[in-house]
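Geometric and topological summary
Residue strings, one per chain:
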Amino acid sequence: MSEALNRKTYLTQNKGEYPQTAEFGGVAYVKVDDLRYGTNPHQTAAYYKPAQADDCVIGDMKVLKTGKNGLSQTNLEDISYSLNIVKYFRRPACACMKHVNPCGAAVAMGDETLCQVYVKARDCDPRAAFGSVIAFNRTVDQETAQEIMSTFVECVVAPGFTPEALAVFSNPDVTLNKQIRILQCGDLEKLPKFVGDDTTGHRTIKVLADGSLVVADPLLTHLRGVEDLKPAAADSKALGHVESTVQATEAQKEDLLTAWYINISVRSNGVVMVKNGGTLCVGTGEQDRVGAVEKAIEKFRKYEGKETFQACVMASDGFFPFYDGVEVAAKAGVTAIIAPAGSIKDAEVIQRANELGVALYHAPERVFSHH
């Protein structure tokens with residue numbers, strides 16, 4: 001018997017093991033569906049929504065077009081994290097998600113169309129975007145649908161789709177994306193974004209190796225707008241009081257906020273480089289801060305064929321324990337950075353940023369994501 005058939009038989013035999021109702025972290029849940037598989041094809045899985053919640057943004061998604069099989073746990077996780085990015089933006093936004101990390105993300109600048117925003121997000125890392133999940137915070141139109149269908153995509157999720165877009169996705173003559181899944185999510189305004197928002201029913205649950213649970217508040221930010229950006233400042237015995245003396249432009253401040261919102265859904269250690277509302281590169285999942293910066297720069301050089309950026313900004317989800325990360329970023333062309341404070345060497349990092357001509361802003365919190 002083939003491996004594929006063995007897996008299919010195993011999944012079929014074990015689908016009934018997930019109850020219709022359950023309780024986790026003091027919240028009652030009802031099963032939405034059994035999944036195609038979990039993180040890997042030999043793992044069974046099911047997904048649940050809060051029993052008392054009406055119109056869940058993800059739990060009550062409408063499947064407008066299904067593929068050969070249903071959704072997997074990986075699909076749902078990518079859907080969740082991509083929507084967790086685009087929820088922050090008032091302007092049209094897009095996130096391309098792969099293995100619970102953004103390949104790229106973008107927000108509209110000026111009169112850019114949704115299609116142009118999608119291309120900015122996809123082309124940040126086109127190799128990684130192959131087979132990704134795409135999320136939008138706007139209704140998907142025909143032009144955007146046609147561009148999506150030019151490369152392989154697993155799922156598209158958005159608050160709505162025009163009839164013309166759905167016709168493009170359902171074209172029986174296509175071969176590349178014949179099994180693409182089209183999903184209509186709920187109102188993104190229902191998702192909490194900022195510290196102080198109502199988080200009822202939004203606590204996260206992490207299951208440890210022995211079945212123990214960690215129940216935690218969701219990861220939110222204090223940064224509601226560019227007015228909340230504060231120049232970095234710190235004190236040390238050797239240097240006294242040190243403040244960032246380089247000012248970012250208004251456009252750079254908007255990009256700093258964009259980079260910060262995207263970085264909330266990047267696996268730590270993570271950095272995000274942004275210019276003109278779009279990611280230039282993303283460095284994810286590194287054990288050291290400077291390694292995340294180096295990884296992002298390496299990706300940029302690979303896909304853009306350029307050695308340096310041209311005055312872009314960078315967000316770091318954690319503080320810089322040393323100023324080497326700032327030096328590496330500045331050498332590559334980063335001219336403004338946002339990162340949390342907390343290092344015993346904060347004053348030295350700020351001083352070095354001033355010497356390098358880099359505007360440094362301190363975020364009010366760390367946004368590590370260990371998903």
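From a predicted model like this one, the values you see are computed outputs, not experimental measurements.

**Here we look at the environment of Leu64**
Checked against the element boundaries, Leu64 lands in strand 4 (residues 62-65). Aside from chain neighbours lying at most four places away, what touches Leu64 is Phe161, Leu166, Ile182 and Gln184.

**Digging into empty space enclosed by the protein**
If you roll a probe as big as a water molecule over the atoms, it shows you where there is empty space left. Counted according to the given criterion, the structure contains three cavities of 30 Å³ or more. If you add up the space inside the largest cavity, you get close to 40 Å³. Lining the largest cavity are Phe319, Phe320, Ala339, Pro340, Asp346, Val349, Ile350, Leu360 and His362. Those elements that place two or more of their residues in the lining of the largest cavity are strand 18 (334-340), helix 10 (346-356) and strand 19 (359-363). For the lining of the largest cavity, a count of residues per class yields seven nonpolar, one polar and one charged.

**A word on the confidence of the model for the protein**
The share of residues in the protein with pLDDT of 70 or more is 95%, and the mean pLDDT across the chain is 92. Contacts of residues 1-5 to residues separated by more than four positions or lying in other chains number two contacts, the stretch itself having pLDDT below 50.

**Quick notes on the pairing of strand 8 (residues 153-158)**
Strand 8 sits mainly inside the fold: six of its six residues count as buried. With four bridges joining them, strand 7 (residues 132-136) and strand 8 adopt parallel strand pairing. Following the sheet pairing, Ala135 is matched in strand 8 by Val157. Between the parallel elements strand 7 and strand 8, the chain passes through helix 5 (residues 142-148) in a crossover that is right-handed. Where strand 8 meets strand 9 (residues 181-184), four bridges bridge the pair, whose relative direction is parallel. Following the sheet pairing, Ala158 is matched in strand 9 by Gln184. For the crossover from strand 8 across helix 6 (residues 163-169) to strand 9, the handedness is right-handed.

**A few points about the nonpolar core**
Residues Met61, Leu83 and Ile338 are the most contacted members of the largest nonpolar core, which totals 50 residues. For this core, the leading source of residues is helix 7 (residues 250-263), giving six residues. Residues in contact with Met61, not counting those within four places in the same chain, are Cys56, Leu71, Leu76, Ile79, Val157, Leu183, Gln184 and Cys185. Counting residues in hydrophobic clusters, the runner-up holds 27 residues, among them Met273, Ile297, Cys312 and Ala329.

About the cut-offs
Residues numbered from 1 in each chain as written. Predicted model: local features only at pLDDT ≥ 70, side-chain atom pairs only at ≥ 80, totals over all residues. Heavy atoms only, no water. Helix = DSSP H or I, 4+ residues; strand = E, 2+ residues; numbered from the N terminus. Contact = heavy atoms within 4.5 Å. 1 Å grid on protein atoms, 1.4 Å probe; cavity = no way out; pocket = protein on both sides within 12 Å on 5 of 7 lines; lining within 4 Å. Points joined across faces, edges and corners; volume = space filled by probe spheres on them. Nonpolar A, V, L, I, M, F, W, Y, C, P; charged D, E, K, R; others polar. pLDDT = per-residue confidence, 0-100. Buried < 20%, exposed > 50% of the residue type's maximum accessible area, 1.4 Å probe, protein only. Pairing = 2+ DSSP bridges. Right-handed = clockwise from strand over helix to strand, strands pointing away. Core = buried A, V, L, I, M, F, W, Y, C linked by side-chain atoms within 4.5 Å.

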